[in-house]
Every structure is written in C-alpha cells, then in structure tokens.
Amino acid sequence: MRQPLVAGNWKMNGTRQSVAELLAGLKSGVGQVTTAEMAVCAPAIFIPMTEEALTGSAISWGGQDVSVHESGAYTGEISGGMLKDFGCKYAIIGHSERRTYHGESDELVAEKFEAALNAGLVPIFCVGETLEEREQGVTEAVVARQVDAVINRGGVEMLGKGVIAYEPVWAIGTGKTASPEQAQEVHAFIRSRVAGHSQAVADGIQILYGGSMNPGNAAQLLAKADIDGGLIGGASLKAADFLAIGIAANA
Ligand code: PGA
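Given the structure is predicted, the values throughout are model-derived calculations rather than measurements.

A. Focus on the overall build of the protein. Regarding its fold elements, the protein presents 11 helices and eight strands. For 251 residues, the compact-globule estimate of 2.2 N^0.38 gives 18 Å, and the C-alpha radius of gyration of the protein, at 17 Å, lies within 12% of that figure. Principal-axis analysis of the C-alpha atoms places the extent of the protein at approximately 45 × 45 × 35 Å. By residue count, 52% of the 251 residues in the protein fall in the buried class. Across the protein, contacts joining residues at least 24 apart in sequence account for 72% of those joining residues at least 6 apart. Looking at the protein as shown, the accessible area adds up to about 10900 Å², and 51% of this sits on carbon and sulfur atoms. The average position of the 18 basic charges and that of the 28 acidic charges among the side chains of the protein differ by 3 Å.

B. A look at the packing of helix α1 (residues 16-29) against helix α2 (residues 47-54). In the contact formed by α1 and α2, the axes pass within 10 Å of each other and the chain directions differ by 25 degrees. Classified by the interaxial angle, the pair formed by α1 and α2 is roughly parallel. Read as a crossing pair, α1 and α2 show a hand that is right-handed. Together, Arg16, Val19, Ala20, Leu23 and Lys27 of α1 and Met49, Thr50, Ala53 and Leu54 of α2 make up the contact between the two elements. Classifying every residue of the contact of α1 with α2 by side-chain character gives six nonpolar, one polar and two charged.

C. Expanded view of the environment of phenylalanine 242. By the element assignment, phenylalanine 242 lies in helix α11 (residues 239-248). Through-space distance from the C-alpha of phenylalanine 242 to that of glutamine 184 is 22 Å; in sequence the pair is 58 residues apart. Those residues in contact with phenylalanine 242 that sit more than four places away from it in its chain are Val6, Ala7, Gly8, Leu26, Met38, Ala39, Val40, Ile232, Ala235 and Ser236.

D. View of the pairing of strand β5 (residues 122-127). β5 sits mainly inside the fold: five of its six residues count as buried. Across four bridges, strand β4 (residues 90-93) lies against β5 in parallel orientation. By the bridge assignment for β5, tyrosine 90 is matched with valine 122. Sheet topology note: the β5/strand β6 (residues 163-166) ladder contains four bridges and is parallel. Note on β6: the bridge partner recorded for valine 127 is tyrosine 166.

E. Main features of the packing of aromatic side chains. Tallied over the entire structure, the rule returns two aromatic pairs. When the centroid spacing of 5.7 Å and the interplanar angle of 85 degrees are considered together, the rings of phenylalanine 113 and phenylalanine 125 count as edge-to-face. With phenylalanine 113 in helix α5 (residues 106-118) and phenylalanine 125 in strand β5, the pair connects residues that are 12 residues apart, well separated along the chain. Each member of the pair, phenylalanine 113 together with phenylalanine 125, is buried.

F. Examining α5 more closely. Across its 13 residues, α5 extends 18 Å between first and last C-alpha, which sits within 8% of the 18 Å expected from 1.5 Å per residue. Of all the positions in α5, only Asp106, Val109, Ala110, Lys112, Phe113, Ala115 and Ala116 are classed as buried. Each element contacted by the buried residues of α5 is listed here: β4, α4 (96-101), β5 and α7 (139-159). Trailing α5 by a residue or two, glycine 120 shows a phi angle of about 90 degrees, which is positive.

Reading the values: rules and limits
- Residues numbered from 1 in each chain as written.
- Predicted model: local features only at pLDDT ≥ 70, side-chain atom pairs only at ≥ 80, totals over all residues.
- Heavy atoms only, no water.
- Helix = DSSP H or I, 4+ residues; strand = E, 2+ residues; numbered from the N terminus.
- Rg over C-alpha atoms; globule rule 2.2 N^0.38 Å.
- Buried < 20%, exposed > 50% of the residue type's maximum accessible area, 1.4 Å probe, protein only.
- Contact = heavy atoms within 4.5 Å.
- Areas by Shrake-Rupley, 256 points an atom, 1.4 Å probe, with all protein chains shown as cover.
- Lys, Arg positive; Asp, Glu negative; His and termini not counted.
- Charge placed at Lys NZ, Arg CZ, Asp CG, Glu CD.
- Axes fitted to C-alpha atoms, helices over the stretch in contact; angles between N-to-C directions.
- Parallel < 35°, antiparallel > 145°, perpendicular 65-115°, else oblique.
- Left-handed = near helix turned anticlockwise from the far one by under 90°.
- Nonpolar A, V, L, I, M, F, W, Y, C, P; charged D, E, K, R; others polar.
- Pairing = 2+ DSSP bridges.
- Phe/Tyr/Trp six-rings, centres within 6.5 Å; stacked < 30°, edge-to-face > 60°.
- Expected span 1.5 Å × (residues − 1).

Here it is, written out as structure tokens:
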C-alpha cells in the first residue's frame, strides 16, 4: 500500500510574514489529515524558518532544486547537503519551470536526482509533456524519455528511491487540470514503464499528480488507482486549501 503524499511547491512566493502565517495555519490544521503525508517545498531563504516552525510537527519540508555539486565555486547554487543540514526531507528535481527557464536537460535532471539522493534527500522527480507534445500524440514518448534518463543513469533501483510527479506542463498554473482519466492514463503508463525494469519498484513508487490541483478536484484525482498524491503549486499557498487537499486523501 502506497501512502499518499501531498507536497506543496511554493515556487518563488512568500514574504517573511506570509510564510510565518502559512506555516502556523498548516501546523494547527494538519491533525485533520489522517492518511497522507504533507510536505512543503519552500524557497531556500525560507527553509530555516520552515524548519523552526515545523520541527516536531507531522509536516515534512524540502527544497525546490538542488545543485549537482557538493560545494565550491558555484555562485547562487544550493547543495543537497545544505538542504539536509536544515532538516529537509525532499527536493523537487526537474520541475518544468527549471527545464524551460533554466535549460535543464534530462541528463542534468538525472544527475541532480543522484546528487539529491547522495545528500540523503528524497527527490520529487517531475516529468510531463507540453500542450504541443500532447497535441502531437507524443505524451508517452516524452514521459518515457524523461523517466528513462534517471533509469539509464542509476538503474531502476535508484529511481525507486525517489517520488515521481507527473505534471502536464499545460496544466501547471493554468487552472486547466488534466481530467482524472487523462492523469490516470499517464500514471499507469509510467508505472508500466517502471515495471518493465522492476515490478517491485513499480508497485512501491509514489506517483503524484501536479497541475492546477485544488480542493475542488483533488478527491476525484486521488481516487484513481495510480495517483498517489499531489504536487501542489498555487493551492499550497493557502493553508486551508492545501489542508483540504490533504483531507481529500483521507478517504
Ligand atoms: P499549480 O503548480 O498547482 O499551480 O498548477 C503545480 C506545480 O508546478 O508543481
């Protein structure tokens, strides 16, 4: 049985004050979430205050990216070891915004996956097709290529130490959610792709859905057999909405 994971991706949002309020709201309401693990991936500068607020609570936290390097002359980068030092459990890897705006290739994403693991973090590894790719009918080919890059680098056992997030790019931040059927179809494809290498890893790996998931559509998405939680952007910035998604996983 795979435990649902509901992870927030705050992206580049928040102020000292709004983050403090959000963390307080999450802490006071998380008791209503009975089944899912809740986690928040904060901008790096807010990780120390996130650690301070959430230590001892049921909520985990993480970063939004990780350097491939352990330390050294890499201005602006944050290493996995630094995230770990501030109590992070997770690091988002290969988010479509990093792939698009920072030119991250499948190979670089796979290298980051390994770097996160080596630092003792659990990678939340994002895959997903653009609208153009979906319309061309190459969704499965794109997602397969992205997943295979990690398997090619470290084998299916390495992939199995992370979490996969299927995030159709056309659904991210657009209010256009994939239908539960559309999402389930790709989740099942990803699981079967992994099963081609190892049935045990395929059975155990959590595959989250991401892309305009909100309190109104979460229950239907989470009810699907191969959807094991969510990676939540916009709706993770409001404690009540984020908690409502966690509560939707109770059933
Ligand atoms: P969204 O973002 O929920 O705002 O669509 C999801 C994500 O990018 O992880």
